[in-house]
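Architecture and fold: a report
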Amino acid sequence: MGTVLASSLPVLALALASGCTFSNSLAPASAAQDSAPPSRTPYDALAPYIPSGMESLMFLDFASEGIPERLRPPGEKEEAPKGLKDPTFRVQQIARPVRGLYAGRRFSVRGPGFGDHEGVEVYESEKEIPNLAEVMKSWREWQKESLGGVDAYSAPPELEGPLETWIAAPTKRILLVATRRAILEESLLRKGANLVSVLASMGCERAIDWKSPVVIVRRYDAENEADIYSPLNTKAKGIAPMTRGFNVDGLLLEYRAGEAPGLRAWVRTEEPESSRRYFEELLWPKPDAGSSPDLLSASPSAPGEILLEGTFPASVPPGLPLVLFMAFGLNFVL
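What counts and what doesn't
- Residues numbered from 1 in each chain as written.
- Predicted model: local features only at pLDDT ≥ 70, side-chain atom pairs only at ≥ 80, totals over all residues.
- Heavy atoms only, no water.
- Salt bridge = Lys/Arg side-chain N within 4 Å of Asp/Glu carboxyl O.
- Buried < 20%, exposed > 50% of the residue type's maximum accessible area, 1.4 Å probe, protein only.
- Helix = DSSP H or I, 4+ residues; strand = E, 2+ residues; numbered from the N terminus.
- Arc of directions from axis to C-beta.
- Contact = heavy atoms within 4.5 Å.
- Polar contact = N/O pair within 3.5 Å; in protein donor to acceptor, adjacent residues only side chain to side chain.
- Phe/Tyr/Trp six-rings, centres within 6.5 Å; stacked < 30°, edge-to-face > 60°.

1. Here's the deal with the pattern of salt bridges
For the structure shown, the criterion picks out 15 salt bridges. Among the charged side chains, a salt-bridge network with shared partners connects E273, R276, R277 and E280.

This is the structure in structure tokens:
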């Protein structure tokens, strides 16, 4: 089964023994770009398309054997789930991506099933992307316009999910899906710095294990009361997690593949026990009967930082919990 999301979709390998340290202040992107050393990662070709001010990044190695089946791109002849209107399934069939990058900010509720956010999906294809004009014409009704010399296609908003959908192929091997016209325009300008700079602008300054098939870097927005999964949002009522309102800045999460898939997450926080409880409630709102009360272990990893580790119970589909980690929780169906 392929990935399905509302204009973004998600999540998950062996983690490096070192995590990602989050700085205490969000450095301006320009300052980070000027000072950061060049990066050498599998996602360097995608990094220039990252807009500024992102709160969440997710990196997916679609070619990795360790990536969960639910996150693999759909096959060329695979049928989309009945009633699915989201473009990601079809876009991934078109691009046949080897890797992807999802960037988002300003997460909010919109509709009964999917949430909205400002963001972009960036796909790198293993082969040349087919002519979009022909593909879009045979798919559904789209409006075409030129943005910065690149043909872009937009569709009317659905009743739920991202407010807008924009698709463009700036090169023969790069495909973009954005939730706002302005976001796509910024992405097409390719002003994103090397990946080290982008991560530093989010407060993440330590090496990442890029062998992991899914990596998430997240920084929470204390001003966003519409992000119902943020631990900083104390106004979200009646939805897990119940532990909220503690001091937490952001995290690096790496999926751990294997027979017992799990995760390692380095969380920048001054309140380790509250952080452990929050993420445990997020991952396992209804723990299996007879399971240990502490499903996540927490240990100090650096001053003001803890390492959370755990495996997924058999009843929890790998992928679904990690989506919530990045606050794309309302934007994905797995």
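2. What about helix α4 (residues 181-188)?
The complete set of buried residues in α4 reads I183, L184, S187 and L188. Along the long axis of α4, the arc covered by the buried residues comes to 130°, so they all point the same way. Against the buried residues of α4 lie β3 (97-109), β4 (115-125), β5 (143-147), β6 (150-155), β7 (165-168) and β8 (174-178). Looking one or two residues beyond α4, the residue adopting positive phi is R190, at roughly 55°.

3. Re the environment of S187
Turning to its location among the elements, S187 is positioned in helix α4. Note on S187: relative accessible area 0%, which makes it buried. A C-alpha to C-alpha distance of 9.8 Å links S187 and A47, two positions 140 residues apart in sequence. Non-local contacts of S187, meaning those with residues more than four positions away in its chain, are made with P48, Y49, V120 and L176. Among the polar contacts listed, one links the side chain of S187 to the backbone oxygen of Y49, at a separation of 2.7 Å.

4. So, unusual backbone geometry
One non-glycine residue with positive phi stands out, namely R96, at about 45°. Residue position: R96 is located in the loop between α2 (88-95) and β3. In this structure R96 comes out as partly exposed when scored by relative accessible area, which is 24%. Even without being a glycine, R106 presents a positive backbone phi close to 55°. Looking at the secondary structure, you find R106 in strand β3.

5. Side note on the packing of aromatic side chains
Going through the model one piece at a time under the given rule, you end up with seven aromatic pairs. Measuring from centroid to centroid gives 5.9 Å for Y102 and Y123, while their planes differ by 85°, and the two rings are edge-to-face. Of the two residues, Y102 is situated in strand β3 and Y123 in strand β4; the sequence distance between them amounts to 21 residues. For the pair Y102 and Y123, a shared accessibility class is recorded, and that class is buried. Ring-pair connections join several aromatic residues into one group, and the members of that group are Y43, F59 and W210.

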